[in-house]
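Single-letter residue listing:
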Amino acid sequence: MDKVLMKGNEALAEGAVRAGCRAYFGYPITPSSEIAEYMARKYPKIGGTFLQAESELAAINMVYGAAAAGARVMTASSGPGISLKQEGISFLAEAELPCVIVNISRGGPGLGGIQPAQSDYFQATRGGGHGDYHIMVLAPAGVQEMMDLAIEAFELADKYRIPVMIMAEGTLGQMMEPVVLREQVAEFYNKPWATTGCKNRKPNIINTLHLSPDVLEQRNVHLQNKYINIKLREKRAETYMTEDADIVVVAFGIMARVARKSIMEVRKQGVKVGLIRPITLWPFPDDVVEKVSDTAKIFLSLEISMGQMVEDIKLAVNGRRPVDFYGRIGITPNPEEVSKRLLMLAAEEGLR
Amino acid sequence: MKIVAQKPESLTDAQFHYCPGCTHGIIHRLIAECLDEMNLRESAIGICPVGCAVLAYNYFNCDMLEAAHGRAPAVATGVKRMLPDRCVFTYQGDGDLASIGMGEIVHASARGEKITVIFVNNTLYGMTGGQMAPTTLLGQVTTTSPYGRTAEQAGYPIKIAELLAQNEGSAYISRMAVNSPANIRKTKKSIKKAFQTQIDRKGFSLVEILSTCPTNWGLSPIDALKWLEENMIPYYPLGEFKVKEDMQYG
């Protein structure tokens, strides 16, 4: 199949188009802006709606309206902008409105910087806004996956009526790789709940207010049951050389690629290292981690943060094995320093 | 038997939760009558605010959404852009629209978003117990301006209709009041014009409606109507501030 050289942000945007998304509302922020620019160029030609909102708040609420109207809709931003969107994401989660939210992530806190980072992991996987809720979070590790997971995200969003976030480091947004263009999605979900005008039916109401304590509890139980269902069916991870590994690195996104390079290097020196790459950050693939902990001696969480996913690994390992952490912020750890850390770990644990 | 008055089809049978003497009920009825008379109920999609009218989705007998505080114009934008042939309206109070939602309303107007906004101005935050709003008059006592609003401490009340009329995207902007039968009739006429502006795709439309809050003003319903007339109308003059007849775009 023919391959096209594409930038990650553009591959993601084209993936959304191929998933049938014809509505984009966003606000410019580095390093995500190419997604908005791509849609601004593309949509006038194919009958889609691109609108540059006055703020991140407005953008996410336009997403709320478009999703309520039954459309496949997307917005994209980065750290500080995603923080601003959290009010809307909480409402979307409660109203069970499907949509795709992209975080081309950079380092914080505050304005932080524009270098790639994974330090929005907690925000993404713990709900991020007020109330008891989760959104699904997908983490691509290459430009092809930027496209593939964009398509997947819309399917999951409609299937479970849930906001789905794609969290990809700025690196993935900005770098170019060859991509196989996927087929246009042809089948879509019926949305009888959408507010489209009540002709020939009773009025639909999309609402997140539940003043009665009983009703509020029922709504929360309903959401939790949905999350349990998603946890049962949708956890995804890729494993690499974990079968015989003494040390198992857990890394997602661009860090998984750094880890692969280090693993090949360190294996040459006789240390058995493997990799678990979570593809869904929520639900976290704790089943895979738990299974690997039958054979692994120690885990290493490798992150572009000060240590966030490491907590989910510890929950999954549940005290059966030690869990080490290596991470930096602002600077993406390179394969050499990761190899060094792995060799040090092997020496400490007597694994060489 | 001849029916001389009945509940509009665009209202449900649900009992209003509004306080006695509050004019939200009148405004709801006017909107519903307009939807009925203009045959818009089945194509209408309404967006509620956060505030006293947060439960309006229980009262309007058409598709309804409940938005976050101040965000109704952005939500309406999302709906309208997906469904350009539907009638999309927001119903917002002065805390919701003129304070926390100022960004959304100004830009919806500037974009000429083809939606209709019903803006209920009663000079304070009603549902939260009568706090000062951007529309609170100078000298007016509220729970957060207990000695009366001063310009030095809290600035001046915002005139939304005049402000938004300046935007090129605004096609119909008016300020009405529901303090007398004559004004109620004028208000209904204005709401119809606003909906017609949307149907004709002329641009953004908003009707600001001066309304009473007897509970938080500490007045009887009759005294509240008098207070509106004597204090609000001199500062917030009634009338049409923008009527764009010719321009069509989009």
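None of these values were measured; they are calculated from a predicted model.

What chain B contains, in helices and strands, is nine helices and nine strands. Here the C-alpha radius of gyration of chain B, 17 Å, is about what a compact globule of 250 residues would show, namely 18 Å. With respect to the principal axes defined by its C-alpha atoms, chain B has extents near 50 × 50 × 30 Å. The buried share among the 250 residues of chain B stands at 58%. Restricting the contact set of chain B to residue pairs at least 6 apart, pairs at least 24 apart contribute 68%. Working note: accessible area of chain B is about 9900 Å², and carbon and sulfur atoms make up 55% of it.

This part is about the domain arrangement of chain A. Frequently, the measure chosen for interface size is the accessible area that the parts lose on association. Residues and elements named next belong to chain A. Domain annotation for chain A reports domain 1 (3–191 + 207–233) and domain 2 (237–348). The partner domain 2 presents 25 residues to the 32 residues of domain 1 that form the contact. Sorting the residues of domain 1 by area buried against domain 2 places Gln-118, Tyr-121 and Phe-122 first, and these three jointly supply 29% of that buried surface. At the surface where domain 1 touches domain 2, the tally comes to three salt bridges. Of the charged contacts, one joins Arg-277 and Glu-145 as a salt bridge, the two residues approaching to 2.8 Å between their closest N and O atoms. Looking at the side of domain 1 that touches domain 2, the elements with two or more residues in it are helix H5 (121–125), strand S6 (136–138), helix H6 (143–160), strand S7 (163–169), helix H7 (170–174) and helix H8 (213–234). Residue classes in the side of domain 1 that touches domain 2 are distributed as 17 nonpolar, nine polar and six charged.

In terms of nonpolar packing, the biggest core is built from 152 residues, with Phe-25, Met-74 and Phe-299 of chain A together with Leu-206 of chain B touching the most fellow members. Considering each element in turn, this core owes the most residues, eleven residues, to H6 of chain A. In terms of domain composition, this core takes at least three residues from each of domain 1 (3–191 + 207–233) and domain 2 (237–348) of chain A. Contact partners of Phe-299 of chain A, with chain neighbours within four places excluded, come to Val-248, Val-250, Ile-276, Val-289, Val-292, Ser-293, Ile-313, Val-317, Arg-321, Pro-322, Val-323 and Asp-324 of chain A. Counting residues in hydrophobic clusters, the runner-up holds 35 residues, among them Ile-31, Tyr-59, Tyr-172 and Val-207 of chain B.

Residue and element names in this part refer to chain B. The end-to-end C-alpha separation of helix H7 (residues 181–199) is 27 Å, in line with the 27 Å expected for 19 residues at 1.5 Å each. Taken together, the buried positions of H7 are Asn-183, Thr-187, Lys-188, Ser-190, Ile-191, Ala-194, Phe-195, Thr-197 and Gln-198. Where H7 is buried, its residues touch helix H1 (24–37), helix H2 (72–82), strand S3 (87–93), strand S4 (116–121), strand S7 (170–177) and strand S8 (204–210). Positive phi appears at Arg-201, one or two residues downstream of H7, with a value of about 55°.

Our next topic: the packing of aromatic side chains. For the structure on display, the rule yields eleven aromatic pairs over all chains. Seen in terms of ring centroids, Tyr-24 of chain A and Phe-50 of chain A are 5.9 Å apart; in terms of plane orientation they differ by 10°. Their pairing is stacked. Of the two residues, Tyr-24 of chain A sits in strand S2 (residues 23–26) while Phe-50 of chain A sits in strand S3 (residues 49–52), which places them 26 residues apart along the sequence. For Tyr-24 of chain A, a relative accessible area of 1% translates into the label buried. Its relative accessible area of 23% is what places Phe-50 of chain A among the partly exposed residues. What links up through ring pairs into an aromatic cluster is the set Phe-60, Phe-89, Tyr-91 and Phe-195 of chain B. Arg-260 of chain A extends its terminal NZ or CZ atom over the ring of Tyr-240 of chain A, reaching a point 4.1 Å from the ring centre. Its guanidinium or amino end placed over the ring of Tyr-235 of chain B, Lys-159 of chain B lies 4.3 Å from that ring's centre, counting from NZ or CZ.

Once that is clear, we can look at the interface of chain A and chain B. Taken together, the contacts link 34 residues of chain A with 32 residues of chain B. Area buried by chain A at its contact with chain B is led by Glu-54, Asn-61 and Cys-198 of chain A, which between them contribute 19% of it. One can count three salt bridges joining chain A with chain B. Across the salt bridge formed by Arg-111 of chain B and Glu-54 of chain A, the nearest N and O atoms sit 2.9 Å from each other. Where chain A packs against chain B, one counts 14 residue pairs in polar contact (both at pLDDT 80 or more). When contributions to the side of chain A that touches chain B are tallied by element, the ones reaching two or more residues are S2, S3, helix H3 (56–68), helix H4 (79–95) and strand S9 (205–206) of chain A.

Negative phi values dominate among residues other than glycine, just as trans dominates among peptide bonds. All names here are of chain A. Here the amide bond leading from Thr-30 into Pro-31 is cis, since omega sits at 5°, within 30 degrees of zero. Structurally, Pro-31 is set in the loop between S2 and helix H2 (33–46). With an omega of -5°, the peptide bond running from Gly-108 to Pro-109 counts as cis. Its location among the elements puts Pro-109 in the loop between strand S5 (99–105) and H5. Although it is not a glycine, Glu-96 adopts a positive phi angle of roughly 55°. By the secondary structure assignment, Glu-96 is in the loop between H4 and S5. With a phi close to 65°, Asn-200 is a non-glycine residue in the positive phi region.

Per the counting criterion, the structure on display carries 45 salt bridges over all chains. A salt bridge links Arg-201 of chain A to Asp-63 of chain B, with the nearest nitrogen and oxygen atoms 2.6 Å apart. Within this pair, whereas Arg-201 of chain A is found in the loop between strand S8 (176–180) and S9, its partner Asp-63 of chain B is found in strand S2 (residues 63–66), the two belonging to separate chains. Accessibility expressed as a relative area gives 27% for Arg-201 of chain A, which makes it partly exposed. For Asp-63 of chain B, a relative accessible area of 0% puts it in the buried group. Two residues, Arg-267 of chain A and Asp-244 of chain A, come together in a salt bridge whose shortest N-O distance is 2.8 Å. Of this pair, Arg-267 of chain A sits in helix H9 (residues 254–268) while Asp-244 of chain A sits in the loop between strand S10 (237–240) and strand S11 (247–250); the two residues are 23 residues apart in sequence, bridging distant segments of the chain. Taken together, the shared-partner salt bridges connect Arg-29, Glu-33, Glu-37, Lys-188 and Lys-192 of chain B into one network.

The rules behind these values
Residues numbered from 1 in each chain as written. Chains lettered and ligands numbered in written order. Predicted model: local features only at pLDDT ≥ 70, side-chain atom pairs only at ≥ 80, totals over all residues. Heavy atoms only, no water. Helix = DSSP H or I, 4+ residues; strand = E, 2+ residues; numbered from the N terminus. Rg over C-alpha atoms; globule rule 2.2 N^0.38 Å. Buried < 20%, exposed > 50% of the residue type's maximum accessible area, 1.4 Å probe, protein only. Contact = heavy atoms within 4.5 Å. Areas by Shrake-Rupley, 256 points an atom, 1.4 Å probe, with all protein chains shown as cover. Domains from an automatic or database assignment. Buried area = accessible area lost by both parts, 1.4 Å probe. Salt bridge = Lys/Arg side-chain N within 4 Å of Asp/Glu carboxyl O. Nonpolar A, V, L, I, M, F, W, Y, C, P; charged D, E, K, R; others polar. Core = buried A, V, L, I, M, F, W, Y, C linked by side-chain atoms within 4.5 Å. Expected span 1.5 Å × (residues − 1). Phe/Tyr/Trp six-rings, centres within 6.5 Å; stacked < 30°, edge-to-face > 60°. Lys NZ or Arg CZ within 6 Å of the ring centre and 35° of its normal. Polar contact = N/O pair within 3.5 Å; in protein donor to acceptor, adjacent residues only side chain to side chain.

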